[in-house]
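Observations on the model geometry
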Amino acid sequence: MKGLLTYKNLIFLLFFVGSFLFFEVNYRYWYRFMEQYSLFLNTDAYFSDLLKQVGGFNEYLTTFITQFFVLPFVSSVTIALLLTLISIVFATYLHKIFQFSTLNFQLLTLLPAFLFWLFPVESIAFILAVLTGLAAALGYASIKKPLVRYVAGFLLITVTYLLSAPAYLPAALLMTIYECCTTTTKKGSGYTVSLGLLAWALVLPLVAMRTCYVIPMREAYFSRHLFHPEYALPASFWYIGCSFPMLSIGVWLLRNCRPLFRNEKLGRIASVSFLTVVTVCIIYFGKHPLEQVYHYDWLARNQQWDIICEHVDKHPVKDKDALVYANLAYAHTGRFNEALLRLPQIGDEGFIPHDPVTRLGLIEASEVAWLLNHTNSAQRFAFVGVLSSQRNVQPRLMKRLVETYLVNEEYKAAEKYMKILEKTTFYKADVSKWYKLLNPETAAATPWIAEKRSLNPVTDNPYDLTKTLPDALAFLIDDHSDNKTAFEYGMGYLLLYKNLGAFIHYMEQLKETGQPLSVLYQEAICLYYNAVENNPEVFHSYPISSVVYSRFSGYLQQVRTLSPALLAQQYGDTYYYYAQFVQPPKMPSR
């Protein structure tokens, strides 16, 4: 018996470690991103309001736990622990019914929890609901006296429905399976009770709709908190939900089969080895396709733009959302000109999302607009992002709203969101610093607010950054030539699309300030005055370094004699090579 217990514990321990590594390696920043879509408030009203909703207590636990996902390792440890508990409770439930061989079926009890690896959920609300339903079924199966068990079954279904819907559905199904598998006579009362439990689970939401709640039918059955109410339930919901009763039936059918390995010790070694190999393979091949952008989003959220640049220097950019953050990071740190041609540019959508509607796109657009010092656009995207989130909360964008309202001297509006955020655990520290900024004189003397106000648009700018980027940038730069991020963005856009005429216009302004020109700008100036306008006097007025000019002269001498491959080797990192041989991104349709 001791050996069996050790084997079972080892299997669950391996699964816990594997779950932790899987989510930590592949979904760490995804869950940190999801944290901002569940705003837990430390108030009695928040608790009581949720308790009045179907499945509200489950949502209360979800938001309470999720708020800690901003801390290192918390999301991975939490999800690994919950999935391991699901496996342990399910294994205990099956053992109570079938008294199955541990060696035969121990790995099978992990399959439903493994589905959460294949179909990771955005919120742990579903995981908690599944665990609650399994716990209710196990509690039901643990009651020996039939009459007490029957009464408890109806009560457990009702309670799990009210507190943790849809936990009542797997609970009712597993209670039914228990009665069907443990009833020994064909006319046993267990069959009648099992039908009654299923009928009560199906009718209960309809009764609740007529007595306690005025809600749509889908919300009555599945609650509004698991998934966005405007979208269909994902297929993974049905796969995971049905896996527990289906596997229970499968174990019942296979209950009398012989062990795969007659040598019990060999069987344990084989099982542990198999689980280890499968876990390693899933961890290696189960990477989230957007984990890079969620990583960059986390760094942007903490204003760590230099670290984004360092990461991009070492790793290729994998998607357009990550490219937005990479471009913005280089522009904000004044290094855009050195990275422009090195990044996989796709045009407008690599600078800012086009007409964003997704939550990630709205956050990106707000970040870009904020750093470009178009405060009103940053505020608009943040406001839409707050309203369109699943739970109508988005604490990070609420912070952005407070910042924009303070810049625009709308102190009452800023105070409104500050009062919400001060009731949280991890955002109240920011609010305590902001309250003093409600004083107009203090706000005006605060450096970051003063800087933003000094760069606010002066000219009426009718252009949307996400739809007509170059025109909107032109207004920002013409208003404030010292708007460094906007200038970097604007020059990068012009060079990317080879608009050298407009580029030279801004270079003439930059030359008058006496600032040094980057290598990329110098190369573009050399190309313009050689291929577009032959004006040596004006050209020599620019501070072109001898190294840049010498390399450009060498290119002109060798461009007709060297093969494209050799030219790419020697001059592939230059703007004049890009201008002559590289096709620019497709111009956006307007």
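Definitions and limits used
- Residues numbered from 1 in each chain as written.
- Predicted model: local features only at pLDDT ≥ 70, side-chain atom pairs only at ≥ 80, totals over all residues.
- Heavy atoms only, no water.
- Domains from an automatic or database assignment.
- Contact = heavy atoms within 4.5 Å.
- Buried area = accessible area lost by both parts, 1.4 Å probe.
- Salt bridge = Lys/Arg side-chain N within 4 Å of Asp/Glu carboxyl O.
- Polar contact = N/O pair within 3.5 Å; in protein donor to acceptor, adjacent residues only side chain to side chain.
- Phe/Tyr/Trp six-rings, centres within 6.5 Å; stacked < 30°, edge-to-face > 60°.
- Buried < 20%, exposed > 50% of the residue type's maximum accessible area, 1.4 Å probe, protein only.
- Helix = DSSP H or I, 4+ residues; strand = E, 2+ residues; numbered from the N terminus.
- Lys NZ or Arg CZ within 6 Å of the ring centre and 35° of its normal.

Another aspect to go through is the domain arrangement of the protein chain. If you check the domain split of the protein chain, you get domain 1 (2-285), domain 2 (292-455) and domain 3 (514-590). Taking only C-alpha atoms, the centre of domain 2 and the centre of domain 3 are 35 Å apart. Contacts between the two partners involve seven residues from domain 2, matched on the other side by nine residues from domain 3. Summed over both partners, the interface of domain 2 with domain 3 buries about 600 Å², with 73% contributed by carbon and sulfur atoms. Taken together, domain 2 and domain 3 are joined by zero salt bridges. At the junction of domain 2 with domain 3, the criterion picks out zero residue pairs in polar contact (both at pLDDT 80 or more).

Following the criterion strictly, the structure yields 55 aromatic pairs and no others. When the ring of Phe23 is compared with that of Tyr31, the centres are 6.1 Å apart and the planes differ by 65 degrees; the resulting orientation is edge-to-face. Under the relative-accessibility criterion, Phe23 is labelled buried at 1%. Taking the centre distance of 5.9 Å and the plane angle of 40 degrees together, the rings of Tyr46 and Tyr60 count as tilted. Remark: Tyr60 occurs in helix H4 (residues 56-66) and Tyr46 occurs in helix H3 (residues 44-51); sequence separation between them is 14 residues. There is no split in this pair, since Tyr46 and Tyr60 are both buried. Connected via pairs of aromatic rings, a cluster forms that spans Phe15, Phe22, Phe23, Tyr27, Trp30, Tyr31, Phe69, Phe114 and Trp117. Taking NZ or CZ as reference, Lys452 lies 4.2 Å from the ring centre of Trp370, over its face.

This next bit is on the environment of Leu465. As for its position among the elements, Leu465 is in the loop between helix H25 (447-454) and helix H26 (469-479). In this structure, the C-alpha to C-alpha distance between Leu465 and Val368, residues 97 residues apart in sequence, is 9.1 Å.

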